[in-house]
Amino acid sequence: QANLECPDKIQDCLNKINTSSRHLLSLINEVLDMSKIESGNVSLSESTFLISDTLDTVAQIIRTDTESKGQQFVLHTSIQKDAVQGDSMRVQQILLNLLSNAVKYTPNEGRILLKAEEKPSGHSGVSCFEFTVEDNGIGMSPEFQQKLFTPFERAEDCRVSQVQGTGLGLAITQNLVQMMNGTIQVESCLDQGTRFRVTIFLKQAEQENTDFRSEKEK
């Protein structure tokens, strides 16, 4: 009865329930995603979207996390052909998986960078995008980098064990990138930071969709 008369205590309990529920949902979704990937039941949708919109959405989501840890988040973009065809939610998932890891394994007041660049694709009607996620966090040993994308693997580091996770996020990310005919590379040094570089290929939006942005903004 005493607890029910204390609004602050009730709010604290509700916040903990909300956080735990979101974490549990995230774990379930990762396990389901991995199961679908391994059984070959994952397919990419195809619709017209703007890369800039996806980047804005990702930035808004991740800034909530970086601000809570006093981290600096920087977004750099250099894109010419913004309207593309592909699975915007899966592109968003790739970026958020990498950025979420950067936030988790970067100390308070650290720095996280997301850079998006358009590169020559070598194919007409196809755009190549390179996304770089860089942090100055705890980094990874060369030994762990060899098994980084193996499902359920986590580094044997007390700083990692303190962070909740399944070890599935990067395995899922790698598979999604490969489904977009892309590659994912990592450079990392212990106690210095990590840089992920993702390259994916997406169809350019057809000519009749060039007014997609103006229609969307009305």
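Residues numbered from 1 in each chain as written. Predicted model: local features only at pLDDT ≥ 70, side-chain atom pairs only at ≥ 80, totals over all residues. Heavy atoms only, no water.

A.B. asks: Would you mind showing me how to read the packing of helix H3 (residues 88-104) against helix H6 (residues 169-179) here?
C.D. replies: Each pair of packed helices can be summarised by the angle the axes make with each other and by the distance between the axes. With their axes 10 Å apart at the nearest point, H3 and H6 run at an angle of 145° to one another. Every pair of crossing elements has a handedness; the one defined by H3 and H6 is left-handed. Contacts between H3 and H6 involve Arg90, Gln93, Ile94, Asn97, Leu98 and Asn101 on the former and, on the latter, Gly169, Leu170, Ile172, Thr173, Leu176 and Val177. For the contact of H3 with H6, the residue count by class is six nonpolar, five polar and one charged. (Axes fitted to C-alpha atoms, helices over the stretch in contact; angles between N-to-C directions. Helix = DSSP H or I, 4+ residues; strand = E, 2+ residues; numbered from the N terminus. Left-handed = near helix turned anticlockwise from the far one by under 90°. Contact = heavy atoms within 4.5 Å. Nonpolar A, V, L, I, M, F, W, Y, C, P; charged D, E, K, R; others polar.)

A.B. asks: Please clarify how the packing of helix H2 (residues 51-68) against H3 should be interpreted in this entry.
C.D. replies: Orientation of H2 relative to H3, taken along the N-to-C sense of each, is 25°, at an axis distance of 10 Å. When the axis of H2 is compared with that of H3, the two are roughly parallel. When the axes of H2 and H3 are compared, the crossing they make is right-handed. From H2, Thr54, Leu55, Thr57, Val58, Ile61, Ile62, Asp65 and Thr66 reach across to H3, where they touch Ser88, Val91, Gln92, Leu95, Leu96, Leu99, Ser100 and Val103. The class makeup of the residues in the contact of H2 with H3 is nine nonpolar, six polar and one charged. (Parallel < 35°, antiparallel > 145°, perpendicular 65-115°, else oblique.)

A.B. asks: In this structure, what is going on with the nonpolar core? I would like to understand it.
C.D. replies: Across soluble globular proteins, you tend to see nonpolar side chains buried next to one another. Judged by nonpolar contacts, the single largest core of 41 residues is most densely connected at Leu99, Leu114, Phe196 and Ile200. Among the secondary structure elements, those contributing two or more residues to this core are helix H1 (7-38), H2, H3, strand S4 (111-119), strand S5 (126-135), H6 and strand S7 (193-204). Tallying contributions element by element places H3 first for this core, with eight residues. Excluding its chain neighbours within four sequence positions, the residues that come into contact with Ile200 are Val91, Ser127, Cys128, Phe129, Phe131, Val177, Met180 and Gly182. (Core = buried A, V, L, I, M, F, W, Y, C linked by side-chain atoms within 4.5 Å. Buried < 20%, exposed > 50% of the residue type's maximum accessible area, 1.4 Å probe, protein only.)

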